[in-house]
Amino acid sequence: MSTSAITPVPFGRRIKRFMADRPLVPLIILLVILVVILQILRPGIVNERWIANTIKFAIPLAILAGCQTMTMLTGGIDLSVGTVATMSAFIMATQIVNQDPAIAFLLAMMPAVLIGLVNGIGVGVFRVHPLIMTLGTSLIGTGCLQVYQRTVIASGAKIPDFLAWLGTGVTPIVGFAFPNALLLFVPLAALIVFTLARTGFGRLLYAVGDNERATRLSGVQYWQVITALYVTSSVLAGITGLLYIGLIKAPSLSLAEPLVLPSVAAAVIGGTSIFGGRGGYTGTIIGALILTVLTTLLTILQMPEGARRILFGLIVLFVTAAYLRIVEER
Amino acid sequence: MSHFLRRQGWVVGLFALLIVLFIATRIIQPGYGSGDFGSLARAVLPYAFAVAAQTVVVIAGGIDLSVAAMMALTSVTAASMMAGASEEYALFVVPFVLAMGFVLGALNGLLIVVTRVPDIVVTLAMLFVLQGAALLVLDAPGGGAAEWLKALISGTVPIPGLPDAVDAWLPKALLVLIVCLCVIWIPLRRSRLGLSIYAIGSSELAAFRSGVPVKRTRIIAYALSGLFAAFGGLALTMSTGIGAPIPGPYLLASVAAVVLGGVALGGGKGGLLGPIVAVFVLRLVRTDLTLLAIDPNVTAIIEGLIMVAVVMFGAFITMRGRQ
């Protein structure tokens, strides 16, 4: 019959193809599903305040996940972001006591630039595996921070008002409370997305991750790209630390450490390949939101801490596997 | 001889470094004797097993971020099972915990093979899962260990016919380490399976085309890693007498020692001896720095610097060799 010749593609297949073409769609659907589950479990929890809070806690994670996204695009990873963020936060909180804010800021960003530079030279010039290099520098950084802590123990610490305002404050605009942290995050995210998609540096990152040899043969100075990348990543981590101290308001020597592994998970859930060459920042942002909502969900279920961690791990694994399936079905 | 040196150059260099460190220790602390060596061996034990666990997987071209969490889980399981139980019951606990490590390790490998998610991500997720499981078993440090297990790693081995002065330099912990590693590693290295592990680490595609069952080999490599991690967990329980659900610093230390031991992170190169010697080197450096009365925090900085410097040096040498 003639009708058989124009049989439409089955509905399920069409949906799959649609999702594979737009990898962000399944992620957003997952995020919405999680929010709906939350609303069903605790009716009324999803309100303006909750949304503002979720965004506030997702932003530091999203910026750190941005560091991971950019380094992963070149086939690397940056595990020193937690230490760098902690260092800049701690130095800021202790130096602000008897220094000018601008000088305290510069002092706080100094270790970030330094660690980024060492990471970049180690990975780019000496060709050390990024995992080892960044683990090593984070070990050194933690040690330095502990020594530094001894010298400032007498002077105490305080959180600058501006950072507290940026980290926790909200500004009501047309009846909706916008977290002030968005003031920092929106331009930053736009800059990262723009850099990755539209500038030569972004293209170089994808190129290096996709085929390093070919990139090098085309005349790209590999070590310059990598050094610039790791310094950028470290500076972003330092800024995150300043934001995070405004949110948590309690300087400690392991402030941002718990964010490191989730930041890797957020980038992976967001569809960035850990082997390089594929991915983007928009997916990562949604990945960070998903992880933050998931944490709230698991907290609300009032499970013991152990069961919560188990579920967190399993869900990260499941989402990544499912996502890879969908995207690779082309 | 030159062939041997070229192949084993890195390990020989490490041994030389270790001897230099021992001499340095004797100079710093003239009283450093067999007793101190025994406590060094006991301290090294859990680290050495963690490193062995990491080495197998790295040779197979992967990485296992869940090593420390696996050790925590096996340690608390052993400690909570042995708490208040009879001495004989521990005879059942030990094989049970080892089997648990083996199965959980195999699960790691299975997930990597089935889901095709990168190994870093799978073992990262498993890190959370195993940590959570450890917290469910024991939510605070506790439990107990059988006396004979604790005795297994304390003291020295008396060998008939040797003077006591020599005996004293052979702590039981060192012997336990050597026996456990050799019993598993030497037959493995000589078997077809061991060759397959090196093959998939060297080039997965080439191994597949030569008829190596890549997936099965990968799962077994992770299972062996789990087994070694379970040994490490038991060693923790044996040396402390309790189990702690929070993982120690073993992940970072294991990766550092693997690299320092001359195992390429890309896979397919290196052996077990290098990383084990590297663990001794790293621990002895820490002992020396403590003996020199250096602030423990500065010690952490120096350790990190050594690690980074050695890795950079190693990478530099390979780069020169390739050109």
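Conventions and cut-offs
Residues numbered from 1 in each chain as written. Chains lettered and ligands numbered in written order. Predicted model: local features only at pLDDT ≥ 70, side-chain atom pairs only at ≥ 80, totals over all residues. Heavy atoms only, no water. Helix = DSSP H or I, 4+ residues; strand = E, 2+ residues; numbered from the N terminus. Rg over C-alpha atoms; globule rule 2.2 N^0.38 Å. Buried < 20%, exposed > 50% of the residue type's maximum accessible area, 1.4 Å probe, protein only. Contact = heavy atoms within 4.5 Å. Lys, Arg positive; Asp, Glu negative; His and termini not counted. Charge placed at Lys NZ, Arg CZ, Asp CG, Glu CD. Areas by Shrake-Rupley, 256 points an atom, 1.4 Å probe, with all protein chains shown as cover. Salt bridge = Lys/Arg side-chain N within 4 Å of Asp/Glu carboxyl O. Core = buried A, V, L, I, M, F, W, Y, C linked by side-chain atoms within 4.5 Å. Buried area = accessible area lost by both parts, 1.4 Å probe. Polar contact = N/O pair within 3.5 Å; in protein donor to acceptor, adjacent residues only side chain to side chain. Patch = residues over 30% accessible without salt bridge, like charges linked within 9 Å, V, L, I, M, F, W, Y side chains within 5 Å. Expected span 1.5 Å × (residues − 1). Phe/Tyr/Trp six-rings, centres within 6.5 Å; stacked < 30°, edge-to-face > 60°. Lys NZ or Arg CZ within 6 Å of the ring centre and 35° of its normal. Pairing = 2+ DSSP bridges.

Turning next to the overall build of chain B. The helix and strand inventory of chain B stands at 14 helices and 0 strands. Reading the secondary structure of chain B in the N-to-C direction produces α-α-α-α-α-α-α-α-α-α-α-α-α-α. Its C-alpha atoms give chain B a radius of gyration of 20 Å, within 12% of the compact-globule value 20 Å for 323 residues. Summarising its shape, the C-alpha atoms of chain B cover approximately 55 × 50 × 45 Å along the three principal directions. In chain B, buried positions account for 54% of the 323 residues. Within chain B, counting contacts between residues at least 6 apart in sequence, those at least 24 apart form 77% of the total. The positive charge centre, built from 19 side chains, and the negative charge centre, built from 13, are 19 Å apart in chain B.

Before going further, it helps to examine the overall build of chain A. Helices and strands together make up the secondary structure of chain A, namely 15 helices and 2 strands. Against the 2.2 N^0.38 benchmark of 20 Å for 330 residues, chain A shows a C-alpha radius of gyration of 21 Å, consistent with a compact globule. Projecting the C-alpha coordinates of chain A onto the three principal axes gives extents of approximately 90 × 60 × 40 Å. For chain A, buried positions account for 51% of its 330 residues. Taking the contacts inside chain A whose residues are at least 6 apart along the sequence as the reference set, 76% of them involve residues at least 24 apart. Looking at chain A as shown, the accessible area adds up to about 14,800 Å², and 68% of this sits on carbon and sulfur atoms. The averaged location of the 11 negative side-chain charges in chain A is 6 Å from the averaged location of its 21 positive side-chain charges.

The next thing to look at is the environment of A:G276. Residue and element names in this part refer to chain A. Counting through the fold element by element, G276 comes out in the loop between α13 (260-269) and α14 (281-300). Counting along the chain gives 200 residues from G276 to G76, while the straight-line C-alpha distance between them is 7.3 Å. The residues contacting G276, other than those within four sequence positions of it, are M72, L73, T74, G75 and G209.

Attention shifts here to the pattern of salt bridges. In total, this model carries 7 salt bridges over all chains according to the counting rule given. Residues A:R308 and A:E305 are paired through a salt bridge, measuring 2.7 Å at the closest nitrogen-oxygen approach. Of this pair, A:R308 and A:E305 both sit in helix α15 (residues 305-328), 3 residues apart, which is roughly one turn of the helix. Overall, A:E305 belongs to the partly exposed group, its relative accessible area being 34%. B:R218 is the partner of B:E204 in a salt bridge, and the nearest nitrogen-oxygen pair spans 3.5 Å. Taken together, the residues B:E204 in helix α10 (residues 204-209) and B:R218 in helix α11 (residues 214-240) connect sequence positions 14 residues apart. The exposure class of B:E204 is partly exposed, given its relative accessible area of 41%. For B:R218, a relative accessible area of 15% gives the class buried. Beyond isolated ion pairs, a larger network of salt bridges with shared partners links A:R127, A:E212 and A:R216.

Residues and elements named next belong to chain B. Its place among the elements puts A235 in helix α11. Its relative accessible area of 2% is what places A235 among the buried residues. Considered as a pair, A235 and P187 are 48 residues apart in the sequence and their alpha carbons are 22 Å apart. A235 has contacts with L45, P46 and F49, leaving out every residue within four places of it along the chain.

The next thing to look at is the nonpolar core. By size, the foremost hydrophobic cluster in this structure holds 213 residues, and its most contacted members are A:F185, A:L291, B:F49 and B:F228. In terms of residues, this core owes the most to one element, helix α2 (residues 34-59) of chain B, which gives 16 residues. Apart from residues no more than four positions distant in its own chain, A:L291 is found in contact with A:L61, A:P262, A:A265, A:A266, A:I269, A:F312 and A:V316.

Turning next to the interface of chain B and chain A. At the junction of the two partners, chain B supplies 38 residues and chain A supplies 41 residues. When the two sides are added together, the surface that chain B and chain A hide from each other amounts to roughly 3,500 Å², 83% of it contributed by carbon and sulfur. The tally of links between chain B and chain A comes to 1 salt bridge. Salt-bridge contacts for A:R150 lead to B:D295; the nearest nitrogen and oxygen are separated by 3.0 Å. Linking chain B to chain A there are 2 residue pairs in polar contact (both at pLDDT 80 or more).

With respect to the secondary-structure elements, B:S66 resides in the loop between α2 and α3 (67-82). Beyond its immediate stretch of four places on either side in the chain, B:S66 contacts B:N108, B:T123, B:M126, B:L127 and B:L130.

Residues and elements named next belong to chain A. Side chains of L24, I28, V32, V36 and I40 sit close together on the surface and give an oily, nonpolar patch of about 420 Å² of accessible area. Mapping I40 onto the fold places it in helix α3 (residues 24-41). For I40, a relative accessible area of 61% translates into the label exposed.

Time to look at helix α5 (residues 119-137) of chain B. Two residues of an α-helix separated by three or four positions point the same way, owing to the 3.6 residues in each turn. Compared with an ideal rise of 1.5 Å per residue, which puts 19 residues at 27 Å, α5(B) spans 26 Å between its outermost C-alpha atoms and is within 8% of the ideal. Of all 19 residues in α5(B), 17 are buried, a share of seventy percent or more.

As a further point, take the packing of aromatic side chains. Counting across every chain of the model gives 8 aromatic pairs over all chains. Aromatic side chains B:F22 and B:F37 sit 5.8 Å apart centroid to centroid with 55° between the ring planes, which places their arrangement in the tilted category. Pair noted here: B:F22 is in helix α1 (residues 2-28) and B:F37 is in helix α2, with a separation of 15 residues, a long-range link. Classification of B:F22 by relative accessible area gives partly exposed; the value is 22%. By relative accessible area, B:F37 is classed as buried at 10%. One aromatic cluster is present, built from ring pairs that chain together B:Y89, B:F92 and B:F96. For A:R216, the ring lying beneath its charged end belongs to A:Y222, and the centroid distance is 5.2 Å.

Residue and element names in this part refer to chain A. Going residue by residue along strand β2 (residues 176-179), you find A177 and P179 tucked away on one face and F176 and F178 left uncovered on the opposite face. Where strand β1 (residues 170-173) meets β2, 4 bridges bridge the pair, whose relative direction is antiparallel. Bridge pairing in β2 links V170 to P179.

Trans peptide bonds make up the majority, and among non-glycine residues the majority have a negative phi. Residue A:R127 is not a glycine yet carries a positive backbone phi of 60°. Looking at A:R127, the relative accessible area reads 29%, which means it is partly exposed. One non-glycine residue, B:R116, lies in the positive phi region at around 60°. Here B:R116 lies in the loop between α4 (89-115) and α5.

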